[in-house]
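Read off the chains here:
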Amino acid sequence: MQWRAPGSERAILLDEGFDPVGLSDVTLAFLLQTGASVVAIALLVALAAWAKIARPTPPLDEAAVVDLLAFEFPDAPIDAVWFAADRRGAIVRSASQALLIYRAGDGYVTRSMPWSDAVSAAPEDGALAFRLADVGAPRASFVIGDGAAWPPALEAVA
Amino acid sequence: MTFDPVTLATPFFILAVIAEILAAKFAKTRTNYEARDTAASLAMGLGSTIAGVLIGGVIAAATLWAWQHRIFTISMTAIWAWVAIVFLEDMTYYWFHRLSHERRFWWAAHVNHHSSQHYNLSTALRQTWTGGVNGSWLLWMPLAFLGFPPSMIAIEKGISLVYQFWIHTEAIKRLPAPIEAVFNTPSHHRVHHARNPRYLDRNYAGIFIIWDRMFGTFEPERDEEPPRYGIVKNLGDFNIVRIAFHEWIGIGRDLMTARSVGDVWGYVFGPPGWRPGGAGTTSKDLRRAWRERAGDAARPST
């Protein structure tokens with residue numbers, strides 16, 4: 001018995017009992033299911049974007065930073081804080097550590113690094129980017145305002 | 001034709017997500033969706049089904065082998081057998097889930113499910129890509145050795161997964177007390193997804209919360225302490241490859257620095273956050289530090 005795939009010039013010799021229709025049905029069903037899933041995902045993501053029901057993310061201020069750090073680094077003192085120009089991030093000096101806070105979506109990510117490493121970073125293209133030794137968050141980037149310098153004058157936190 | 005509860009429920013999953021989004025939009029229920037987070041969760045779900053196809057044959061073959069060496073023969077048509085497997089499978093799930101949080105080798109496959117800072121129905125679909133490769137499915141083999149048919153085990157696992165979908169929501173606050181006492185509910189599972197020290201490594205239940213109450217891991221949700229969702233160190237972006245593999249890569253990196261067999265063991269099978277010489281911070285360390293800070297407010301509530 002021979003079987004020829006639609007559109008193919010090559011025929012395949014089949015053993016008795018082999019069911020090419022069944023095999024292609026399984027493959028087709030898998031592909032259809034995967035394709036339908038991709039379409040469904042796209043529609044659901046579009047719906048979520050249209051609904052505009054993300055958490056509100058007002059520009060970071062001192063109170064928000066203090067609240068975040070009280071949860072993320074509860075034992076760390078807050079000596080001073082520097083805000084990114086777009087207020088989507090902040091860098092806090094905490095003794096010998098720099099505590100980095102930056103936005104991901106409508107949430108915040110925090111990491112720490114030695115303060116000496118933080119202040120030695122060089123701004124580039126209006127941004128301060130840190131490479132972190134963390135697979136989960138390998139890069140933290142902060143926008144620096146026009147003409148601003150790094151390291152900056154830090155605002156002492158009351 | 002096979003009976004697969006998850007496949008049958010998939011249209012319901014989609015409709016439920018749509019309903020939750022629309023309810024948040026128009027009825028102002030307590031629900032948040034962020035588009036990139038939602039995309040990551042749903043893509044993880046799709047990837048998980050594909051990964052499941054790749055490893056599913058091995059798991060099915062192993063389960064069939066175990067069943068061929070069964071102690072008893074249990075009929076799929078016996079009602080008592082269904083009652084028994086509902087509870088036995090759920091207890092198995094509890095220990096699987098507890099292992100998946102308390103030992104890094106299994107946490108590496110499960111962490112993706114907790115990596116969202118959101119808690120909504122799309123989070124339920126943020127499933128593992130690597131759950132098949134760490135052998136956690138071996139925990140279900142005793143059921144096959146006992147004599148439960150492999151298809152019966154698969155159906156019950158599917159029912160459990162479908163049950164756990166709807167509890168991933170903030171739209172439902174509390175259910176009547178008798179239900180909260182026995183079943184895993186949105187409130188109990190919000191605690192499980194929280195990263196507040198009080199809530200870490202609590203409420204591992206699948207369908208019944210009774211296992212947490214029995215084995216000392218139950219923690220009720222407190223109105224005065226709303227859950228903050230995600231993992232102890234939240235991920236820096238929505239890259240699904242990072243979501244799926246970051247902890248595995250972390251294990252690999254740590255192993256490169258290991259200086260002893262003990263280090264290797266700790267990095268692979270220790271609790272997440274473990275470091276040699278007590279330098280790391282595990283969930284227990286976080287809870288201990290929180291208790292010291294909180295004092296009386298940290299008293300056990302069970």
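For the structure itself, look to the data block above.
It should be emphasised that the depicted structure is a prediction, and the values quoted were computed from it without experimental measurement.

Novice: Let's hear about the overall build of chain A: which residues, and what values?
Specialist: Across its full length, chain A carries three helices and nine strands. Scanning chain A from its N terminus toward the C terminus, one meets helices and strands in the order β-β-α-α-β-β-β-β-α-β-β-β. Here chain A holds 158 residues, and 37% of them are scored as buried. Restricting the contact set of chain A to residue pairs at least 6 apart, pairs at least 24 apart contribute 40%.

Novice: Could you give an account of the overall build of chain B, with specific residues and numbers?
Specialist: Of regular secondary structure, chain B possesses 13 helices and zero strands. When the helices and strands of chain B are placed in sequence order, the string is α-α-α-α-α-α-α-α-α-α-α-α-α. What you see for chain B is a C-alpha radius of gyration of 20 Å, in line with the 19 Å of a compact globule of 302 residues. Taken over the C-alpha atoms alone, chain B extends approximately 55 × 55 × 40 Å along its principal axes. Within chain B, buried positions represent 50% of all 302 residues. The long-range share in chain B, meaning contacts at least 24 apart out of those at least 6 apart in sequence, stands at 71%.

Novice: So what's going on with the packing of aromatic side chains? Which residues, and what values?
Specialist: Across all of its chains, the model carries 25 aromatic pairs over all chains by this definition. Ring centres of Trp50 of chain A and Phe26 of chain B lie 6.2 Å apart, and the angle between their planes is 50 degrees; this geometry places the pair in the tilted category. Taken together, the residues span two chains, with Trp50 of chain A in helix α1 (residues 20-51) and Phe26 of chain B in helix α1 (residues 5-26). Among the residues examined, Phe26 of chain B registers a relative accessible area of 59% and is labelled exposed. Relative to Trp166 of chain B, the ring of Tyr163 of chain B lies with its centre 5.7 Å away and its plane at 90 degrees, an arrangement referred to as edge-to-face. Placement of both Tyr163 of chain B and Trp166 of chain B in helix α7 (residues 150-166) is noted, with a separation of three residues, approximately one turn of the helix. Put simply, the rings of Phe105, Trp106, Trp248, Trp265 and Phe269 of chain B touch in pairs and so form one group of aromatic residues. In this arrangement the basic side chain of Arg87 of chain A is found over the ring face of Phe83 of chain A, its NZ or CZ atom lying 4.0 Å from the centre. Stacked on the ring of Trp50 of chain A, the Lys or Arg Lys25 of chain B has its end atom at 5.2 Å from the ring centre.

Novice: Hey, could you go over the pattern of salt bridges for me, with residue numbers and the actual values?
Specialist: Per the stated rule, a full pass over the model turns up 20 salt bridges over all chains. Here Asp67 of chain A ties to Arg228 of chain B by a salt bridge, and the two come within 3.7 Å at their closest N and O atoms. Remark: Arg228 of chain B occurs in the loop between α10 (210-215) and α11 (240-257) and Asp67 of chain A occurs in helix α2 (residues 62-72); the pair is interchain, linking two chains. The partly exposed category is assigned to Asp67 of chain A, whose relative accessible area is 44%. Residue Asp237 of chain B is joined to Arg242 of chain B by a salt bridge in which the shortest nitrogen-to-oxygen separation is 3.0 Å. Its relative accessible area of 17% is what places Arg242 of chain B among the buried residues. If you follow the salt bridges from partner to partner, you end up with Lys173, Arg174, Arg190, Glu221 and Asp223 of chain B in one network.

Novice: Mind laying out empty space enclosed by the protein, listing which residues take part and the relevant values?
Specialist: The full count for this structure, using the stated rule, is one cavity of 30 Å³ or more. Residue lining of the largest cavity: 15 residues in total, with Asp37, Ser115, Gln117, Leu235 and Phe238 of chain B positioned closest to the centre.

Novice: Just give me the short version of the environment of Leu69 of chain A, but keep the residues and values in it.
Specialist: Residues and elements named next belong to chain A. Relative to the helices and strands, Leu69 is located in helix α2. Along the primary structure Leu69 and Val92 are separated by 23 residues, whereas in three dimensions their C-alpha atoms are 9.3 Å apart. Excluding its chain neighbours within four sequence positions, the residues that come into contact with Leu69 are Pro74, Ile78, Val92, Leu99 and Ile101.

Novice: Please provide a residue-by-residue account of the interface of chain B and chain A, values included.
Specialist: Residue-level contacts link 40 residues of chain B with 35 residues of chain A. Of the roughly 3,200 Å² buried between chain B and chain A, counting both surfaces, carbon and sulfur atoms make up 66%. Counting the contacts that link chain B with chain A gives three salt bridges. For the interface between chain B and chain A, the tally reads 12 residue pairs in polar contact (both at pLDDT 80 or more). Here the side of chain B that touches chain A gets nine residues from one element, more than from any other, and that element is helix α2 (residues 35-68) of chain B. Residues of the side of chain B that touches chain A, tallied by class, amount to 21 nonpolar, 10 polar and nine charged.

Novice: Pulling in residues and values, what's your account of the side chain of Asp201 of chain B?
Specialist: Residues and elements named next belong to chain B. Structurally, the position occupied by Asp201 is in the loop between α9 (186-193) and α10. An unpaired buried charge is present at Asp201: no salt bridge exists, and Arg202, the closest side chain of opposite charge, is 6.3 Å distant. Setting aside chain neighbours within four positions, we find Asp201 in contact with His101, Glu102 and Ser283.

Novice: Go over α7 of chain B, please, and point to the residues and values.
Specialist: All names here are of chain B. Between its first and last C-alpha, α7 extends 26 Å over 17 residues, near the 24 Å set by a 1.5 Å rise per residue. When we look at burial in α7, the residues that qualify are Pro150, Met152, Ile153, Ile155, Glu156, Gly158, Ser160, Tyr163, Gln164 and Phe165. Residues of α7 that are buried in the fold lie against α1, α2, α3 (79-102), α5 (121-124) and α6 (141-146).

Novice: Which residues make up the pairing of strand β4 (residues 89-94) of chain A, and what are the values?
Specialist: All names here are of chain A. Buried residues dominate β4, accounting for five of its six residues. In this sheet, β4 lies alongside strand β3 (residues 80-83) in antiparallel orientation, the contact comprising four bridges. If you follow Ala80 over to β4, its bridge partner there is Arg93. From the end of β3 to the start of β4, which pair antiparallel, there are five residues, and Arg87 there has a positive phi angle of about 60 degrees. As paired elements, β4 and strand β5 (residues 97-104) share six bridges and run antiparallel to each other. Within the sheet, the bridge partner assigned to Gly89 lies in β5 and is Tyr102. As consecutive antiparallel partners, β4 and β5 are separated by two residues, and within that stretch Ala95 has a phi angle of approximately 55 degrees, a positive value.

Novice: Account for the packing of helix α4 (residues 104-114) of chain B against α11 of chain B, naming residues and giving values.
Specialist: Residues and elements named next belong to chain B. Closest axis-to-axis distance for the α4/α11 pair is 6 Å, and the angle between their directions is 155 degrees. Considering their axes alone, α4 and α11 lie roughly antiparallel with respect to each other. Considering how the two elements wind past one another, α4 and α11 form a crossing that is right-handed. In this structure, α4 uses Arg104, Phe105, Trp107, Ala108, Ala109, Val111 and Asn112 to contact α11, whose residues at the interface are Ile243, Ala244, His246, Glu247, Trp248, Gly250, Ile251 and Asp254. Looking at the contact of α4 with α11 residue by residue, the classes come out as nine nonpolar, three polar and three charged.

Each value, and the rule that gives it
Residues numbered from 1 in each chain as written. Chains lettered and ligands numbered in written order. Predicted model: local features only at pLDDT ≥ 70, side-chain atom pairs only at ≥ 80, totals over all residues. Heavy atoms only, no water. Helix = DSSP H or I, 4+ residues; strand = E, 2+ residues; numbered from the N terminus. Buried < 20%, exposed > 50% of the residue type's maximum accessible area, 1.4 Å probe, protein only. Contact = heavy atoms within 4.5 Å. Rg over C-alpha atoms; globule rule 2.2 N^0.38 Å. Phe/Tyr/Trp six-rings, centres within 6.5 Å; stacked < 30°, edge-to-face > 60°. Lys NZ or Arg CZ within 6 Å of the ring centre and 35° of its normal. Salt bridge = Lys/Arg side-chain N within 4 Å of Asp/Glu carboxyl O. 1 Å grid on protein atoms, 1.4 Å probe; cavity = no way out; pocket = protein on both sides within 12 Å on 5 of 7 lines; lining within 4 Å. Points joined across faces, edges and corners; volume = space filled by probe spheres on them. Buried area = accessible area lost by both parts, 1.4 Å probe. Polar contact = N/O pair within 3.5 Å; in protein donor to acceptor, adjacent residues only side chain to side chain. Nonpolar A, V, L, I, M, F, W, Y, C, P; charged D, E, K, R; others polar. Lys, Arg positive; Asp, Glu negative; His and termini not counted. Expected span 1.5 Å × (residues − 1). Pairing = 2+ DSSP bridges. Axes fitted to C-alpha atoms, helices over the stretch in contact; angles between N-to-C directions. Parallel < 35°, antiparallel > 145°, perpendicular 65-115°, else oblique. Left-handed = near helix turned anticlockwise from the far one by under 90°.

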